[in-house]
Amino acid sequence: ALSYGHNSWELSIQVDQREGDEGMKFKLRVKGDLHIGGLMLKLVEKIKAPQDWSDHAIWWEKKSCWLLKTHWTLDKYGVQADADLRYTPQHKPLCIQLPNMKTIKLPVSFSCVVFKTVAEICKALNIRRSEELSLLKPPDDPKKKKKKDKGTESAFDDILNMDMAGGIYSLGLYSKTMTPTYDPDSGSPASSTSLWFGENPMMACQPNLPPEELAKLYKPLTLEDKAAINAGWLDSSRSLMEQGIQENDRLLLRFKYHSFFDLNPKYDAVRITQLYEQARWAILLEEIDCTEEEMLMFASLQYHICKLTLSTEPLTNSSEPEIDEVEAALSNLESTLEGRNADKILEDITDIPKLEDTLKLFRPKRLTLKPYKEYWFVFRDTTISYYKNKESANKEPIEQLHLRGCEVIPDVNVTEKKFGLKLLLPTADGMNEIYIRCDNETQYSKWKAACMLASKGKTMAYSSYRTEVKKIQSFLQMKSLAPPPGQAAPDVESMEMNAECFVSPRYAKKYKTKQLTTRILEALHNISQLSLMEAKMRFIQAWQSLPEFGIKYYIVRFRGSKKDELLGISYNKLIRIDMSTGLPVTTWRFSNMKQWNVNWEIKQVTIEFDQSVSIAFSCQSCDCKVVHEYIGGYIFLSTRSKDQNETLREELFHKLTGGQD
């Protein structure tokens, strides 16, 4: 040993083989000035096993980091004799549950940042715009820890093994429970899975689960529960391995940012299907609230999609003829995303719509016996003024409502002809509630669209006003459950599927199966002409129209406050929510945001808005990096255009979400 001189030392390295092979431990004599590349070379010479080591790299367990800079020396990394290093494959199998609840096993990189790993997964699955998705740790299930009851095995426990070489098509692994439980022609159980999945399980919709299976998955979630789930998003700027993820662990792949860019049926069959599936599960498991009427509309769309999926021969999806109509539906969807440049101000002043009408108003805070009272309403710019009647409209208004920054919440039941709007107006001490009632669909669509634009600081002079009116009208039309006059009652026997599969367990309990079947079939007349792709798009659009759409909750403590509150993060705003009532207290829009930063020592996020408004909060339910990345991620997504350089985009993403500026 003396011949080595005093500055060499022994380093032990564990070598992991590919899965299934036993690992080996080696000891090497090294000096601190040896670089990592040289260390790996020495190691491979010593192993003597002829094998492709190109995917292997060195992992330092104790420091939880990869030694990927091969030109760095051991000294520079601070590696000393006590370091336990592992020479291990960078790509390892990961079990990934897709939005459609199917789990696949895929080799992915455990050494690059999660942003890149997600891009790699999406590429393998053929999902564009991977920046909208991310990986979520499943919440700990206390029930599973006690003992695995044989009875609770879910239909989702089957794993489809996707070795990159084998591709997606080894379909033999689908569980029996996931095949349709009937054959539409004979009514006998169907055995062929290919019927459902065509050639590609990512593209076809999954059959609905039997109600008893669905009931096992359903647990009512409080806002605090939701905050606990949202704490599980992985950090996009660190690798899987650095975040304690082991090979064969299970993670959920989900659309994290609810801002879907450039959805196009020509290229996005898988993306649209998975988006539809994520929306469908959110509604079936009541992760998002909707009214009973909406639940039935979603049920009829699911039933329609199920029927079409069953009757579509494999692979005819790709040649759907009605791409043009779908694209028209899509351009609609696009214009709803904020930050769109397409929204221009109308040149011709005579084109700007005027809104004035007799509407009913109700203020819950004022003690009146007659709840709704009629007034003459005039909408100008971003303000509503109301008067005693039309004649007094040239005098001072009774009150002016300034809508910039307000929340617009629908209060609608089309079947019962109730068309109301609830406005939450920002005031110094929280939100002021006002209810407005319209007479009919047309009036409601115009006023709601105007209120929505005004809340963003836009007037009806913007071209998006008309699109918004049309969108609201088509949504109302889909929701109308009353059968057209003269139409015979639907034949309950004609629905060859169990109606309870299509609604959340709470609604399944509420109705007799026959009632539910009738209502779903009645709702079907609005949508029965839609193609498969259009029906999925409509479902996604309807999901986007729900008031709670895209809001993710976190428990925070605002600067100067002694109690925990909720922070809702949506694609265009932040919402401060009272924990006990669940109602919004204040909202701040991203479009008014000037800058934000994180003080990592005290784990506090500070945000400055226009008009010298500034807020600061610390995160109670998760690391503040999670919240910081959510906000930065949305800002990043609003900068997208169709022809951008991918690598620059990734740098910008890390710059906006990393917090180390």
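Along each chain, numbering runs from 1 in the same order as the chain's sequence is written. Totals for whole chains, interfaces and linings use every residue, but because this is a predicted model, local features are given only for residues with pLDDT of at least 70 and side-chain atom pairs only at 80 or more, for both listing and counting. Excluding hydrogens and water, the side-chain values take into account all heavy atoms of the structure.

### Thoughts on helix α1 (residues 36-47)
In this text, helices come from DSSP runs of H or I with a minimum length of four residues, and strands from runs of E with a minimum of two, each type numbered from the N-terminal end. The span one expects for a helix is its residue count, reduced by one, times 1.5 Å. Across its 12 residues, α1 extends 16 Å between first and last C-alpha, which sits within 8% of the 16 Å expected from 1.5 Å per residue. On the buried face of α1, the contacting elements are β1 (8-15), β2 (24-31), β3 (56-60), β4 (65-67), α2 (74-77) and β5 (84-89). With its phi angle positive at about 65°, lysine 48 sits one or two positions after the end of α1. What makes two residues a contact is simply this: any of their non-hydrogen atoms within 4.5 Å.

### Brief notes about the sheet that holds strand β20 (residues 573-577)
Whether two strands pair comes down to DSSP finding at least two bridges between them. Strand order in the open sheet formed by 7 strands is β21-β20-β19-β18-β24-β23-β22, with antiparallel pairing between adjacent strands. A single partner strand is all that each edge strand has here, and the edge strands are β21 (584-589) and β22 (593-599). Pairs of neighbouring strands in the sheet enclose a mean axial angle of 30°, with direction left out of account. As judged from the 6 bridges shared by β22 and strand β23 (residues 604-609), these two strands associate in the antiparallel manner. For glutamine 595, the partnering residue across the bridge sits in β23 and is glutamate 608. Inter-axis angles, ranging from 0 to 180 degrees, are taken between N-to-C directions of lines fitted to C-alpha atoms, where helices are fitted over the stretch in contact. Its contacts with the sheet put helix α7 (residues 223-230) on β18 (552-558), β19 (565-569) and β20, and the angle it makes with β18 is roughly 100°. Each of β18, β19, β20, β22, β23 and β24 (613-619) is contacted by helix α16 (residues 624-637), which is oriented at about 155° to β22, the strand it contacts most.

### Description of the confidence of the model for the chain
The predictor rates its confidence in each residue with pLDDT, a number between 0 and 100. Here the chain shows a mean pLDDT of 82. Residues at 70 or above account for 80%. Counting contacts from residues 313-321, a segment whose pLDDT is below 50, to residues more than four positions away or on other chains yields 9 contacts.

### A short note on the pattern of salt bridges
Whenever a carboxyl oxygen of Asp or Glu lies within 4 Å of a side-chain nitrogen of Lys or Arg, that contact is scored as a salt bridge. One pass over the structure, following the stated rule, counts 32 salt bridges. Salt-bridge contacts for lysine 116 lead to glutamate 650; the nearest nitrogen and oxygen are separated by 3.4 Å. Linking lysine 116 in helix α3 (residues 114-125) with glutamate 650 in helix α17 (residues 646-658), this pair joins segments that are 534 residues apart in sequence. By relative accessible area, glutamate 650 is classed as buried at 14%. For the salt bridge of lysine 625 with glutamate 629, the shortest nitrogen-to-oxygen distance reads 3.0 Å. Partly exposed residues are those whose accessible area sits between 20% and 50% of the maximum for their type, while under 20% is buried and over 50% is exposed, using a 1.4 Å probe and protein chains only.

### Notes on the packing of aromatic side chains
Aromatic ring pairs are defined here through the distance separating the ring centres and the angle between the ring planes. Centres within 6.5 Å make a pair out of two Phe, Tyr or Trp rings, where for Trp the six-membered ring is used; the pair is then stacked when the planes are under 30 degrees apart, edge-to-face when over 60, and tilted otherwise. Applying the stated criterion across every chain, the model contains 29 aromatic pairs. Ring plane angle 35° and centroid distance 6.2 Å describe the contact between phenylalanine 590 and tyrosine 634, whose orientation is recorded as tilted. Placement of the pair is phenylalanine 590 in the loop between β21 and β22 and tyrosine 634 in helix α16, with a sequence separation of 44 residues. Accessibility assignment for this pair places phenylalanine 590 and tyrosine 634 in one class, buried. Connected via pairs of aromatic rings, a cluster forms that spans Trp233, Tyr257, Tyr554, Phe590, Tyr630 and Tyr634.

### Some thoughts on the sheet that holds strand β6 (residues 91-97)
Spatial strand order, β8-β10-β6-β7-β9: 5 strands in an open sheet with mixed pairing. Taken across any chain shown, the strands that pair with only one partner, and hence form the sheet edges, are β8 (133-136) and β9 (159-161). On average, adjacent strands in this sheet sit at an angle of 45° to one another, irrespective of strand direction. α3 rests against β6, β7 (103-109), β8 and β10 (250-255) of the sheet, and its axis sits at about 130° to β7.

### Some thoughts on the packing of helix α8 (residues 269-284) against helix α15 (residues 532-544)
As a packed pair, α8 and α15 sit with axes 9 Å apart at the nearest point and diverge in direction by 50°. Here α15 runs oblique to α8, going by the angle between their axes. You can see that α8 and α15 cross each other, and the crossing is left-handed. Touching Ala269, Ile272, Thr273, Leu275, Tyr276, Ala279, Arg280, Ala282 and Ile283 of α8 are Met533, Lys536, Met537, Phe539, Ile540 and Trp543, all from α15. Tallied by class, residues from the contact of α8 with α15 come to 12 nonpolar, 1 polar and 2 charged. Orientation labels follow simple angle bins: below 35 degrees gives roughly parallel, above 145 gives roughly antiparallel, 65 to 115 gives roughly perpendicular, and whatever is left gives oblique. Two helices cross in a left-handed way if the nearer one is turned anticlockwise from the farther one by less than a right angle. They cross in a right-handed way if the turn is clockwise. In this count, Pro and Cys sit with the nonpolar residues alongside Ala, Val, Leu, Ile, Met, Phe, Trp and Tyr, while Asp, Glu, Lys and Arg are called charged and the others, Gly among them, polar.

### Overview of the environment of serine 621
The residue serine 621 is located in the loop between β24 and α16 in this model. With relative accessibility at 22%, the residue serine 621 sits in the partly exposed group. Measuring from C-alpha to C-alpha, the distance between serine 621 and aspartate 564 comes to 9.9 Å, with 57 residues separating the pair along the chain. Apart from the residues within four sequence positions on either side, serine 621 is in contact with Ala227, Ala231, Tyr554 and Ile555. Polar contact is the term for a pair of N or O atoms within 3.5 Å; when the atoms are in protein, one must be able to donate a hydrogen and the other to accept it, and sequence-neighboring residues count only if both atoms are side-chain atoms. At a separation of 3.0 Å, a polar atom in the side chain of serine 621 contacts the main-chain amide nitrogen of isoleucine 555.

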